[in-house]
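# Structural description and commentary
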Amino acid sequence: MKDEPIMGCAEENPEEKPKCNPFGTRFLTDDAKVFEHNAWDDVEWSEEQQEEAKRIVENQKTMKVDEEKAIKLLSSPADQWDAFYAHNENRFFKDRNWLLKEFPELDVNEQCNSKKEKVEILEVGCGVGNTTFPLMQVNNSSPRLFLHSCDYAPNAIRVLKSQETYDPSKMNAFVWDITQEAPEDAPKPESLDYIVCIYVLSAIHPDNIRKALSNLIGLLKPGGTLLLKDYGRYDLTQLRFKKDRLIDGNLYCRGDGTLVYFFEMDELEHLLAEYRMEKKVMHVDRRLIVNRAKQVKMYRQWIQGKFLKPL
Ligand SMILES: C[S@@+](CC[C@H](N)C(=O)[O-])C[C@H]1O[C@@H](n2cnc3c(N)ncnc32)[C@H](O)[C@@H]1O
């Protein structure tokens, strides 16, 4: 696993427009200046670049992972993540401190509904709490927030709950494979204001994604929002996969056996439309990261979305 750098969102609905562009505003207008900064925002891909990306993925199909290994990895994806957290504990991912920049609605104090109302959030695939704790911290003074966090890796939940800042009066961390029925300690149906999915839908086999979405959407209140951030198709991390990594379609296994799928924006949008979720925002964040010392260009693509459950 490689950690994700800070990333930045464009809005479809003008009423949702944030005060500043959360995806950044450093645009590359002169190719000759590319190595003058570490990162460029909203970088369009040329046709050649898109063709090259397709060619790389076609080539990966000629060196797919061994079938027996693929079957083994697909049969127990939670075990791979659990082993990952048993080994790394809380030393791997960085805190997602960019969260409020992209999802300002998660600052419950900023919400215009009644100041007395509780706001219940579920963070899915929370790992060891790199989103949970920054979210708690930013809302610290607010007795309004109750934060549920789930992950299917028991070791992740163990590490999260062992943190000094874990406060059971305001937090509920529990083990749940979201492709299965919800356990008893999960939030009640139609009780949540927000569900946050950061790099988690990509960890699910495409055959199970509908079950996961249906389970999650069932927990949202009418009027509640699903917030998501995930890997986009042809992100650098997809194109860098070499031999024995491609399982099928756009699904890969990393060196540690964890799975990762690379979404097209339309694909996610259509999936959510099947559950009558209303699109508020959907954006591909295309960023060019530059290693100036080595003169290397790295093209990243992330999908960011906000979907409302209709009243
Ligand atoms: C790439 S990590 C992201 C962790 C965290 N959201 C973050 O951004 O730091 C994906 C996480 O999703 C969890 N996960 C994957 N599939 C899951 C499922 N079906 N149900 C619950 N958690 C899942 C993994 O255990 C892992 O912690």
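Reading the values: rules and limits
- Per chain, residues are indexed from 1 in the order of the written sequence.
- Only residues with pLDDT of at least 70 are given local features in this predicted model, and only at 80 or more are side-chain atom pairs given and counted; all residues enter the totals for whole chains, interfaces and linings.
- Only hydrogens and water are set aside; all other atoms, that is, all heavy atoms of the structure, feed into the side-chain values.
- UniProt positions are given in the numbering used here, feature names are shortened, and annotations may be inferred rather than shown by experiment.
- For every residue, the predictor assigns a confidence score, pLDDT, that lies between 0 and 100.
- Only runs of H or I of at least four residues qualify as helices and only runs of E of at least two qualify as strands under DSSP, and these elements are numbered from the N terminus.
- Here, residues are in contact when the closest pair of their heavy atoms is within 4.5 Å.
- Near, as used in this document, describes a residue that has one of its heavy atoms within 4 Å of the molecule or strand being considered.
- Counted as a polar contact is a pair of N or O atoms within 3.5 Å, where, for protein atoms, one must be capable of donating a hydrogen and the other of accepting one, and residues adjacent in sequence contribute only when both atoms are in side chains.
- With residues, only the protein chains shown are counted as cover, and all accessible areas are computed by Shrake-Rupley using a 1.4 Å probe.
- Amino acids outside the nonpolar list (Ala, Val, Leu, Ile, Met, Phe, Trp, Tyr, Cys, Pro) and the charged list (Asp, Glu, Lys, Arg) are all regarded as polar, and Gly is one of them.
- To define a nonpolar core, start from buried Ala, Val, Leu, Ile, Met, Phe, Trp, Tyr and Cys residues and group those joined through side-chain atoms within 4.5 Å.
- For every residue, the accessible area (1.4 Å probe, protein chains only) is compared with the maximum for its type, and the residue is labelled buried under 20%, exposed over 50%, or partly exposed between those bounds.

- The name an unreviewed UniProt entry gives the protein is tRNA N(3)-methylcytidine methyltransferase, with Caenorhabditis tropicalis as the organism.
- Recorded in UniProt under Catalytic activity (unreviewed entry), the annotation for the protein is "cytidine(32) in tRNA(Ser) + S-adenosyl-L-methionine = N(3)-methylcytidine(32) in tRNA(Ser) + S-adenosyl-L-homocysteine + H(+)".
- For the protein, the Sequence similarities (unreviewed entry) comment in UniProt is given as "Belongs to the methyltransferase superfamily. METL family."

### A few points about the confidence of the model for the protein
- When the pLDDT values of the protein are averaged, the result is 88; 90% of them are 70 or greater.
- Mean pLDDT values for the elements of the protein range from 78 in strand β1 (residues 39–41) up to 98 in helix α7 (residues 209–219).
- Confidence drops under a pLDDT of 50 for residues 2–19, and excluding neighbours within four residues, the segment shows 48 contacts in the predicted structure.

### Comments concerning the site of the ligand
- Near the ligand there are 18 residues, and of these Y85, R96, G125, D151 and I198 occur at the shortest range.
- Here a nitrogen atom of the ligand sits 2.7 Å away from a polar atom, N or O, in the main chain of G125.
- At 2.9 Å, a backbone N or O of I198 approaches a nitrogen atom of the ligand.
- Computed on the free molecule, the ligand has an accessible area of 590 Å², of which 99% lies beneath the protein chains in the complex.
- In terms of residue class, the shell around the ligand is built from twelve nonpolar, two polar and four charged.

### A closer look at the nonpolar core
- Within the largest apolar cluster, 39 residues are counted, with the highest numbers of intra-cluster contacts made by L122, V124, I195, C197, L201, L226 and L228.
- Broken down by element, this core gets its largest block of residues, six residues, from α7.
- The contacts of V124, once residues within four sequence positions are left out, are C150, I178, I195, V196, C197, I198, V200 and L216.
- Counting 35 residues, the second largest nonpolar core, distinct from the first, contains C126, Y234, L239 and L246.

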